[in-house]
Amino acid sequence: MRASKHAGGSGGGALENNRGISGHVYTLHQRLSHALSLGTRYCDEKELKWKCTDIEIQRHVVRSIAAFLDSVSADTVHHPLVKCFAEMNRSAFPEKQSMVEVLFGSETYLEDSLPQIVGALIGILQYKSGAVLSMAINVVVKLFSTLPSSILRQYMLDLSHPLLSLLSFDKLEVAVACAAALNIVLSSLNVKQEKQASEMLKETKTVVCITANIRSFSAETMPSDYFQEMAYLLSTILWRWPPFRYPVWNDSILMKALESLHVKPDLSVKVAVLKLYSSIGLCGNGAKKLLENGEALIQTMVHCMNSSYSPARVEGFRLAQCLAADQQGCVRVTKLCCEPLVKAIVCGMNRRNWHSGKVYSDHMPLLVEACRLALITRWAGEHHGYFWKFGIDKVLLDLVLENFQNHPSQHLLSVEEQISMAQEGLNSNFLLGLRPYVWDILGWLATHCEEGFKLNMHGNDLHINILITCACLAFVESIRKGRQIYQNDIIHTCRSESASRAVLMMMYSPSKSIASKTRFVLSEVLKPNGKEYLKHLLYSINYTSSGNDISLPKILPTAIYLVGLTCYLGLPHYRKQVMNGDGMKIVLAFLNWCLSNNIHIKRQSFAPHLYNNFIDKACCCECTEEWEGKDVFLLYGLWALAELVHKTGSVRTNQDILSSELDDKEAQVVSILKEISNEISTYGPSWYAAYILSHFGLYGFPSKLGKRIGKALNMEEDTDMQLVLANGKSLNVHSVVLAIRCPSLLPPEELPRDKKTSSNSSLNDGVDKLSGKVRKEVRLSAHVDCQALQRLLEYAYFGHLEAGNDLVKKLKPLAKSCKLQPLLQLLCRKSPKWGTPIPSSDLAPALGPLGQQFSDIILEAQATEVMCWTCNVCSLSAPHMHVHKFILQCSSDYLRAMFQSGMQESHSRIIRLPVSFEAMIKLVEWFYTDQLPNLPSGCVWDNMDTEEKIYELQPYVELCSLAELWLLEEVQDACFRVIVSCLNSARVLSLKIIQIAAKFSMWKLAEVAAEYLAPLFCKLRDSGDLEEMDEFLIDMVRAASVRLSQEGGNHSR
């Protein structure tokens, strides 16, 4: 039996004692070294390895390791002697960050012992002796609790493997300890180790094992900690590795088991379930699954949020954040449970609920989670009313001012006293970390208020008044400090940005009460130095536009300056100074700088409190972007430009503009705004661009689809309806366009019963036959002006129109009667309301019952042997879709030429396509929406096998081939990108795709697939996987492999 080379001895003892280590630690180390020597052997005379199967020796080693780890616990490493030792050796170990690292990274103690400790634990775990397993697993936990992760990182995966094999051990205490240990180990992995760990989890079928354990859990016969540890471990795995989410939320038995558990009275079990639900909800599909029958879940979640048990409250808030991570999720959650949810949020934010109202460190996690959840106020909805009902203004003020409730004479404060009180409270720096949340919540509440909202509607208006004052003071202070912002001021500036934004949103709140109060207070706060600050704002924005610096220290103050300029423009006595300071020129230069430099910045990039782990870890989400999206600079700049144009008379009336040439400034404005309208899809900037263009006589929202469909307005040969005015004039239109975009122009009998129309039209019993085409005649009332109707039809087809002031007056009542609210808002030049979506140009509803009655052509796909087809419109048994000829013609020159050729296809009502039904669906969707449907993504895609992925990809290959024939370059490019992106993520798909591409003679795609196969050529050749391919395809891959070799690429063998 060989002992360790460093097993001890008198010389070693002298060395240890000379280095100042306590005798007790030294003795335990000697015992540990001796114990390890009993079970280790040299393998091939080179390496010591654990080779012991004796249970007593295993038990002795485990106890020795535990005793030694206890001796180097936190208390020991802070012993003066150890501190002294660490300080003396820091110069020798400059990379070490802690005393434990210095101690264990040195030549003393564990130079060889740590690998032997880990090796012994691995060997003992692999031996699976029930008498020692629990002790060994607990020592693993102690090892990770005692030593820094940086020291143990190289051993984590080695330790994980035997632990994974013990999760289904028949002794429950072993399985529980194993799950706890694995949770610690997997949580400690760094990013580089994640891929290896993922493969290990797949190989050992860990998720399958854990879900089986949870499914078999019985609360009556098994300890609750068994379920808790399994749930915590599964939660950690789902959090770090998205591909494992799908088999969990798709396991109906497991989900039912969890449903039965979260209603149990045991709070610790509820916490574990909620934590697991939060990880499941990271998958968008998983979140939907949770909310399918989510009433009981939401009730449990809210119950935990109101619990006195802090961990339960925190997990409740986190789950709610996960489920309401986007607007759709927020709507689903608040629909199930609105008032109790908001009440729980406000209660969680209320520090007065704690004894004496003091905030201690253990309260902060709950406060932060509650404030994060309260950011659901950024979306409009009925929950806003409940926030006010439950006193959110008072709660927010308590998070800003520590002693406000103790202030005397609160109801009799003058404006000066309010400013003084607010300034004193801000200077105390109370709960600074929560202030960005407070300002954002305040701003969202203000921007989504109803027009008639008054400050005293929900009680004492002093709270909201003081909040407004605090925000204005913080905003002005951020401008004052703007010239001294350096790297170490970034955190302060982030808080200031939120306050500035809150002031902006309150100044332009729909509530006149909030808006007027904010303007008044800001004017008072700005009185001493307002003009000087404004001059600095203009200079700074202009300076930004002249450079290319978009680093964080630069974009932070720029965001504040843009917000500040817009706030100044809301104060009448400062507008003239802005114009005299070349405000219009500076704003236009800034917008042009954003466009020419392709500046896209999300607010989250300079507002860290908005950073949410759920966003980074989420998968399979169909999240719509925030209103400002990734163009927050454009939004702020356009907002300022809108105020300049609307309130300063910076441009002529649109009547003057339309009847004459634009001057240089006006031409520049229109040019920039049209570029934004065409290139930017984000709702906020698009709305403000449209709003400003309305001052130039341009109304609406241009789109690629609208540009295509607009061609049909002059294609009379395919129209099916004639609008007849009272003066006898008529206009030919397509019924389906009106049914989708302006249904009020159609008589009631032309629409489904649930579609209400105005009284502007009536259907004539007679029909006209023009050029062989039957057109229904619709007579309009005498109130409809011909020119206004023509412009309205332009809006219906193109999505936008052009009109002077006189015509606008006629258009307003027609737009109102036709319920075209976005157009009416632009015609009336009302400022955009935050969160309002852009009117959709989507014609997809025309493919449903609403548009099928107007269909005049059928697209038929290739049938498959397994397809059984029935149609509720016609008796055709082949797979097909009822579509509209004019839409196809507008989108494809090839089809237009075919329909006008006079050949057989031009008269046929059925067009047969050489593609599958799945490919045809995608093509038709592009015709009607200008978008191709997306492939499944995230964990759904990751859990598909190769055949399933090919099934999803093949329609894109077919469509790519057809698009080449039909000259649809946009469709062809989009399909090509989809296919190549999948090859990049899974090279094995290239084997199938190269053969499918060859079948459709798509040689460009085949070449790309060959390039992806090139690194694998030797491996594929040796395995025989290339044998199923044609020889010329093998030659193509071989040639790509040779090119790769010549370029110095690596081959996988």
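Residues numbered from 1 in each chain as written. Predicted model: local features only at pLDDT ≥ 70, side-chain atom pairs only at ≥ 80, totals over all residues. Heavy atoms only, no water.

- The chain has the name BTB domain-containing protein in an unreviewed UniProt entry, where Xanthoceras sorbifolium is given as its organism.

1. Some details on the overall build of the chain
Inference 1: Across its full length, the chain holds 56 helices and eleven strands.
Inference 2: For the chain, with 1053 residues in total, the buried portion stands at 55%.
Inference 3: If you take every contact in the chain between residues at least 6 apart in sequence, the share linking residues at least 24 apart comes to 74%. (Helix = DSSP H or I, 4+ residues; strand = E, 2+ residues; numbered from the N terminus. Buried < 20%, exposed > 50% of the residue type's maximum accessible area, 1.4 Å probe, protein only. Contact = heavy atoms within 4.5 Å.)

2. A few points about unusual backbone geometry
Inference 1: Positive phi, normally seen in glycine, also occurs at Cys 620, with a value near 55 degrees.
Inference 2: Structurally, Cys 620 can be placed in the loop between helix H35 (613-617) and helix H36 (632-647).
Inference 3: By relative accessible area, which is 12% here, Cys 620 ends up buried.
Inference 4: Of note in the backbone geometry, Arg 829 takes a positive phi value of approximately 55 degrees without being a glycine.
Inference 5: Residue classification places Arg 829 among the partly exposed positions, given a relative accessible area of 25%.

3. Here we look at the sheet that holds strand S11 (residues 910-916)
Two modes of strand pairing occur in sheets, parallel and antiparallel, and in both the strands are linked by backbone hydrogen bonds.
Inference 1: Taken together, three strands build an open sheet; the order of strands is S10-S9-S11 and the sheet is mixed. Edge positions in the sheet fall to strand S10 (880-883) and S11, since each of these pairs with one other strand and no more. Strand-to-strand twist of the sheet, defined as the mean angle between neighbouring strand axes without regard to direction, takes the value 25 degrees.
Inference 2: Taken together, the four bridges between strand S9 (residues 857-862) and S11 define a ladder with parallel strand orientation. Considered in S11, the bridge of Gln 862 is made with Ser 916.
Inference 3: Together, S9, S10 and S11 form the strand contacts of helix H49 (residues 917-929), whose direction differs from that of S11 by roughly 120 degrees. (Pairing = 2+ DSSP bridges. Axes fitted to C-alpha atoms, helices over the stretch in contact; angles between N-to-C directions.)

4. Quick word on the packing of helix H25 (residues 392-400) against helix H27 (residues 435-447)
Inference 1: Following both chains from N to C, one finds H25 and H27 inclined at 155 degrees, their axes separated by 10 Å at the closest point. As the angle between them shows, H25 and H27 are arranged roughly antiparallel. The handedness of the crossing between H25 and H27 is left-handed. Contacts between H25 and H27 involve Ile 392, Leu 396, Leu 399 and Val 400 from the first element and Arg 435, Val 438, Trp 439, Ile 441, Leu 442 and Leu 445 from the second. (Parallel < 35°, antiparallel > 145°, perpendicular 65-115°, else oblique. Left-handed = near helix turned anticlockwise from the far one by under 90°.)

5. Let's talk about the confidence of the model for the chain
Inference 1: The pLDDT averaged across the chain works out to 84; a share of 86% of its residues lies at or above 70.
Inference 2: Contacts from residues 753-759, a stretch scored under 50 in pLDDT, to residues over four places away or in other chains number eleven contacts. (pLDDT = per-residue confidence, 0-100.)

6. Points about the environment of Ser 278
Inference 1: Looking at where Ser 278 falls in the secondary structure, it is placed in helix H17 (residues 267-280).
Inference 2: Judged by its relative accessible area of 6%, Ser 278 is buried.
Inference 3: For the pair Ser 278 and Phe 317, spaced 39 residues apart in the sequence, the C-alpha separation amounts to 9.9 Å.
Inference 4: Once you skip the residues sitting within four places of it in the chain, Ser 278 turns out to touch Glu 315, Arg 318, Leu 319 and Cys 322.
Inference 5: In terms of polar contacts, Ser 278 uses its side chain to reach the backbone amide nitrogen of Leu 319, at 3.5 Å. (Polar contact = N/O pair within 3.5 Å; in protein donor to acceptor, adjacent residues only side chain to side chain.)

7. Description of the side chain of Thr 146
Inference 1: Looking at the element boundaries, Thr 146 is found in helix H8 (residues 130-146).
Inference 2: A polar contact of 2.8 Å, which involves the side chain of Thr 146, links it to the backbone oxygen of Lys 142.

8. Concerning the side chain of Thr 447
Inference 1: Residue placement: Thr 447 occurs in helix H27.
Inference 2: The exposure class of Thr 447 is buried, given its relative accessible area of 7%.
Inference 3: Beyond its immediate chain neighbours, meaning those up to four positions away, Thr 447 contacts Met 505, Pro 510, Lys 833 and Trp 834.

9. Notes on helix H28 (residues 462-480)
Inference 1: The end-to-end C-alpha separation of H28 is 27 Å, in line with the 27 Å expected for 19 residues at 1.5 Å each.
Inference 2: A large share of H28 lies buried, amounting to 17 of its 19 residues. (Expected span 1.5 Å × (residues − 1).)

10. Looking at the state of the cysteines
Inference 1: Evaluation of the coordinates by the stated rule reveals zero disulfides.
Inference 2: Free of any disulfide, Cys 871 has its nearest cysteine sulfur in Cys 874, 3.9 Å distant. (Disulfide = S-S within 2.5 Å.)

11. Looking at the pattern of salt bridges
Inference 1: Per the counting criterion, the structure on display carries 28 salt bridges.
Inference 2: A salt bridge links Arg 372 to Glu 369, with the shortest nitrogen-to-oxygen separation between them at 3.6 Å. Within this pair, Arg 372 and its partner Glu 369 are both found in helix H23 (residues 364-373), separated by three residues, close to a single helical turn.
Inference 3: On the basis of relative accessibility, which here comes to 30%, the residue Arg 372 falls in the partly exposed class. (Salt bridge = Lys/Arg side-chain N within 4 Å of Asp/Glu carboxyl O.)

12. Overview of the packing of helix H13 (residues 206-215) against helix H14 (residues 224-240)
Inference 1: The interhelical angle for the contact between H13 and H14, taken along N-to-C directions, is 150 degrees, at an axis separation of 10 Å. When the axes of H13 and H14 are compared, the pair comes out roughly antiparallel. Considering how the two elements wind past one another, H13 and H14 form a crossing that is left-handed. Side by side, H13 and H14 meet where Thr 206, Val 207, Ile 210, Thr 211, Asn 213 and Ile 214 of the first sit next to Tyr 226, Phe 227, Met 230, Ala 231, Leu 233, Leu 234 and Ile 237 of the second.

13. Looking at the nonpolar core
Most often, soluble globular proteins have nonpolar side chains that are buried together.
Inference 1: The biggest cluster of nonpolar side chains holds 368 residues, and the ones touching the most others in it are Met 349, Trp 439 and Phe 633.
Inference 2: In terms of residue count, H28 provides more of this core than any other element does, 13 residues in total.
Inference 3: Not counting residues up to four positions away in its chain, the partners in contact with Phe 633 are Ile 555, Thr 558, Ala 559, Leu 562, Phe 590, Trp 593, Cys 594, Ile 599, Ile 601 and Phe 606. (Core = buried A, V, L, I, M, F, W, Y, C linked by side-chain atoms within 4.5 Å.)

14. Description of the packing of aromatic side chains
A ring pair, where both rings are aromatic, is described by two values, the distance of the centres and the angle of the planes.
Inference 1: Tallying each qualifying case throughout the model produces 20 aromatic pairs.
Inference 2: Judged by centre distance (4.7 Å) and plane angle (40 degrees), the rings of Trp 388 and Phe 453 are tilted. One end of the pair, Trp 388, is in helix H24 (residues 383-389); the other, Phe 453, is in the loop between H27 and H28, and 65 residues separate them in sequence. Of the two residues examined, Trp 388 and Phe 453, each falls in the buried class.
Inference 3: Between the aromatic rings of Trp 926 and Phe 927, the centroid separation amounts to 5.7 Å while the plane-to-plane angle is 55 degrees, which identifies the pairing as tilted. Comparing Trp 926 with Phe 927, the two get one shared label, buried. (Phe/Tyr/Trp six-rings, centres within 6.5 Å; stacked < 30°, edge-to-face > 60°.)

15. Description of the environment of Arg 829
Inference 1: Locating Arg 829 in the fold gives a position in the loop between helix H44 (821-827) and helix H45 (849-852).
Inference 2: Taking the C-alpha atoms as reference, Arg 829 lies 9.7 Å from Tyr 699; in sequence the two are 130 residues apart.
Inference 3: Within the local environment of Arg 829, its side chain forms a polar contact with the backbone oxygen of Ser 694, the two atoms lying 3.5 Å apart.

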